[in-house]
Amino acid sequence: MEIDQAKLHWFKSSFSAAGNCVEVAHLPGGGVALRDSKDRAKQPHAYTRSEWDAFLRGAKNGEFDQPLV
């Protein structure tokens, strides 16, 4: 899927550190686009609403936390 990035409203987490973040934009139809803020020229990854919702549920549940060393 080709995404016209200029037509989207991109935002990032308030927890993002300078230069180390991703940006998210909501797509028509409920999907989500995700891009690297350091290289905005690359085509973003696109996810359906159900894919994004599943990821968010897992993240909120701690499934993607860094392992304790």
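Residues numbered from 1 in each chain as written. Predicted model: local features only at pLDDT ≥ 70, side-chain atom pairs only at ≥ 80, totals over all residues. Heavy atoms only, no water.

Student: Can you help me understand the sheet that holds strand S3 (residues 45–47) in this one?
Tutor: The pairing of strands in a sheet happens through backbone hydrogen bonds and is either parallel or antiparallel. The three strands lie next to each other as S1-S2-S3, forming an open sheet whose pairing is antiparallel. The outermost strands of the open sheet, each flanked by one partner alone, are strand S1 (22–26) and S3. The sheet shows a mean angle of 25° between the axes of neighbouring strands, taken without regard to direction. As defined by bridge partners, S1 adjoins strand S2 (residues 32–36) across five bridges and the pair is classed as antiparallel. Note on S2: the bridge partner recorded for Val-24 is Leu-34. (Pairing = 2+ DSSP bridges. Helix = DSSP H or I, 4+ residues; strand = E, 2+ residues; numbered from the N terminus. Axes fitted to C-alpha atoms, helices over the stretch in contact; angles between N-to-C directions.)

Student: Could you clarify how one ought to interpret the pattern of salt bridges in this entry?
Tutor: Any two side chains of opposite charge can pair if their charged atoms end up close together. Scanning the entire structure with this criterion turns up five salt bridges. Between Glu-23 and Arg-40 there is a salt bridge; the shortest N-O distance is 2.7 Å. One end of the pair, Glu-23, is in strand S1; the other, Arg-40, is in the loop between S2 and S3, and 17 residues separate them in sequence. When its relative accessible area of 6% is taken as the criterion, Glu-23 is described as buried. Arg-40 sits in the partly exposed class, given a relative accessible area of 42%. The closest approach of N and O atoms between Asp-39 and Lys-42, which form a salt bridge, is 3.8 Å. Counted as one network, the salt bridges with shared partners bring together Glu-23, Arg-35 and Arg-40. (Salt bridge = Lys/Arg side-chain N within 4 Å of Asp/Glu carboxyl O. Buried < 20%, exposed > 50% of the residue type's maximum accessible area, 1.4 Å probe, protein only.)

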